[in-house]
Amino acid sequence: MELQKADPRKTFGAAVTEIARQNKDIVIVSADSGGSSGFGDFKKEFPQRYFEFGIAEQGAVGMACGLAATGKIPVFCAIAPFVTLRPFEMFRNDIGYMRQNVKIVGRNGGISYSDLGSTHHSLEDFAIIRMIPGIQIFAPQDPNEIKSAVKAMLESPEPAYMRIGNDPIPFLFDESPFEIGKGRIVRSGKDVTIIMTGSLAASVIKAGELLAQRGIEAEIISMPTICPIDADLIKKSALKTKRIITVEEHYIIGGLGGIVSELSAEFLNVPVKRLGIPHTYAVSGPYQELLSYYKLDAEGIADSAEAAIR
Amino acid sequence: MAADIKKLESIAANCRRKVVRMVRSGGSGHLGGALSCLDILTVLFFHTLNHQPSNPKYPDRDRFILSAGHKCMALYSVLCQAGYFEEERLDTYGKLGTALPGHPNMRKLPGIEANTGALGHGLSIAAGMALGLRLDGKASRVFTVLGDGELPEGSNWEAIAAAAHHKIDNLIAFIDDNGLQISGKTTEIMNLEPISDRFKSFGWAVKDIDGNNIKEIVGVLENLPFEKGKPSVIIARTVKAKGLSFAEGKLSYHYWKPSKEELEQAERELDEAIKAKAV
């Protein structure tokens, strides 16, 4: 059965705008990026709280920090590499070190700008942003979770980075409050723990069904908060299954796979198979074909998981 | 007004002495820039800024950001002189766990508004603050001091464009133009002259002054903004290491690790300056 889908960017922009109707401290920072981030309505309704800075992300992050220092809650959303790589020092010093309540949102994350090439891919954002102490990192996995994660992010006084994708994503979960730093088990199993985050959730859930048909009972953990990671849940599951597989639209180094590997090396001694994009400049092409190429569709994930544990 | 100028000059002399006190504590420090911008900071904190040292987070205060964070000894000295913290803390400079690190940290010391140090950050932060204060309908202004050496940072020009575009006229920037940076003359490293014209062409209101002349600094700050609807910038021509006879205008005093004799000479000179300027 085909699941109903929604555009992650529009979902995100609408969620922020809805909350901003109640909270006048929320302001938008745009680097010629607000319209494509779902902030069309916000701009119309609250033009005084919508700050356009042009294509100038370093200045935009610094100015967002200044706005936050006066009690505003700036939300700056643009194409993921341009809000992470380009202004990284501003992210570290102005947001992280100064501990300012700025929300940076990288859209078109991973390889979702598939045909635009490596300049527009974001395959290291989890890795570099988690190096900044005190930044919460979110990668919500379906439209309902985007909405609840936006609410939790805006209610938290801490700086945050959120990554969302581009293509419409299916509704997977019922609406429920987002708990920062908490994962949850969405399928119980005993043979292997699969930890997923972000845009690949639907494929991982499907892969769980394929694995079951092959006699493998996977326990699937949904992990929409990358930092702080829910180490307790990972430990509990891994001590049962004795194997972990991570799945993310990110380099296999540095992101969710990296975090879980670090945890395992220090506390669990459980083998970790990391699924994602190899550490290279990814090929370009249609998004779904690209995911299949890197074995990140349901079939590919199931095959890799099976190979890893047999 | 004349008495005020004399008083400010006296305060500046005391603040210069505090800078050297910190160098004695730490054994070294970014002396040259601290002393070149010190008169500007003195006028700001003792004449211009609406602030309350006993209530550093006073919501309606004017803000000050030292974009050239390595000149922090100037900021620490005026904050101390103004009563933000007790003098004894100056003697922790350069020591383990100090609240006065080599670049300022707002989480450690009252009166610090931003963690600067990496160059090219302060102006963007200041512009954002000014926007936020304006949005709240406050009369607060945001002042910042940049070094001339940090002007080539591209992020500065992003903020310079944005401040004019958004007509942020509660933003006032000083360029502490001492003409020297770590490798030589700023005009030889990366020539941005005529600085005034560059700012004008970006839509700022510009004034040029002698940035070590208290009277001129006071004068330029009498009527702000210079033009309604435009950010203001003051190109302050200054002298590196101003106030120390043996160091003035010399590149080698950008970062100072004094000998015992040099340190004692500096202390003697500045003690004498305090006496000479006493009101």
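Structure: above.
Here goes a summary of the coordinates provided. Remember, it's a predicted structure, so these values are computed and weren't measured experimentally. In this numbering scheme, every chain counts its residues from 1 along its sequence in written order. Starting at A for chains and at 1 for ligands, labels are handed out in the order in which the entities are written. Two thresholds apply to this predicted model, a pLDDT of at least 70 for residue-level local features and 80 or more for giving and counting side-chain atom pairs, whereas whole-chain, interface and lining totals are computed over all residues.

1. Some points on the overall build of chain A
Strands are runs of DSSP state E lasting at least two residues, helices are runs of H or I lasting at least four, and both sets are numbered from the N terminus onward. Check the secondary structure of chain A and you find 12 helices and 14 strands. Note on method: radius of gyration uses C-alpha positions; expected globular size equals 2.2 Å times residues raised to 0.38. Its C-alpha radius of gyration of 19 Å places chain A within 12% of the 19 Å reference for a compact globule of 310 residues. Overall, the C-alpha framework of chain A stretches about 60 × 40 × 35 Å when taken along its three principal axes. Our exposure labels follow a C-beta count within 10 Å of each residue's own C-beta, placed from the backbone: buried means 20 or more other C-beta atoms, exposed means 12 or fewer, and partly exposed covers the counts in between. Each of the 310 residues in chain A was classed as buried or not, and the buried ones make up 55%. Working definition of a contact: two residues with C-beta atoms, positioned from the backbone, lying within 7 Å. Looking at chain A alone, contacts between residues at least 24 apart form 78% of all its contacts between residues at least 6 apart.

2. Some thoughts on the nonpolar core
Here is a general trend for soluble globular proteins: nonpolar side chains tend to be buried in one another's company. Here a nonpolar core is just a set of buried residues of the types Ala, Val, Leu, Ile, Met, Phe, Trp, Tyr and Cys, joined wherever their C-beta atoms sit within 7 Å. Phe76(A) and Ala127(B) are the most contacted members of the largest nonpolar core, which totals 178 residues. Ranked by the residues each element gives to this core, the list is headed by helix α2 (residues 31-48) of chain B, at 11 residues. Taken domain by domain, the makeup of this core includes at least three residues from each of domain 1 (5-170) and domain 2 (184-305) of chain A. The residues contacting Ala127(B), other than those within four sequence positions of it, are Met63(A), Gly66(A), Ala159(B), Ala162(B), Ala163(B), Ile168(B) and Leu171(B). Delimitation of the domains relies on an automatic or database domain assignment.

3. Overview of the pairing of strand β1 (residues 63-66) of chain B
All names here are of chain B. Going residue by residue along β1, you find Arg-63 and Ile-65 tucked away on one face and Phe-64 and Leu-66 tucked away on the opposite face as well. Pairing between β1 and strand β2 (residues 142-147): four bridges, direction parallel. By the bridge assignment, Arg-63 is partnered in β2 with Val-142. Whether two strands pair comes down to DSSP finding at least two bridges between them.

4. Re the packing of helix α4 (residues 122-135) of chain B against helix α5 (residues 154-165) of chain B
A pair of packed helices can be characterised by two numbers: the angle between their axes and the separation between those axes. Residues and elements named next belong to chain B. Axis lines are fitted to C-alpha atoms, over the contacting stretch for helices. Their N-to-C directions set the angle, which ranges from 0 to 180 degrees. Put simply, α4 and α5 touch, their axes get as near as 8 Å, and they point 25 degrees apart. Taken together, the axis directions place α4 and α5 in an arrangement best described as roughly parallel. Crossing geometry of α4 relative to α5 is assigned as left-handed. Seen from α4, the contacting residues are Leu-123, Ser-124 and Ala-127; seen from α5, they are Ser-155, Asn-156, Glu-158, Ala-159, Ala-162 and Ala-163. Relative orientations are named as follows: roughly parallel for angles under 35 degrees, roughly antiparallel for angles over 145 degrees, roughly perpendicular for angles from 65 to 115 degrees, and oblique for any other angle. Left-handed describes a crossing whose near helix is turned anticlockwise from the far helix by less than a right angle; the clockwise case is right-handed.

5. Some points on the sheet that holds strand β7 (residues 232-237) of chain B
All names here are of chain B. Here five strands make up an open sheet; going across it, the order is β1-β2-β3-β7-β6 and the pairing parallel. Each edge of the open sheet carries a strand with a single partner, namely β1 and β6 (205-210). Looking at each pair of strands side by side, their axes are set apart by 20 degrees on average, direction ignored. Contacting β1, β2, β3 (171-177) and β7, α2 crosses the sheet at an angle of about 150 degrees to β3.

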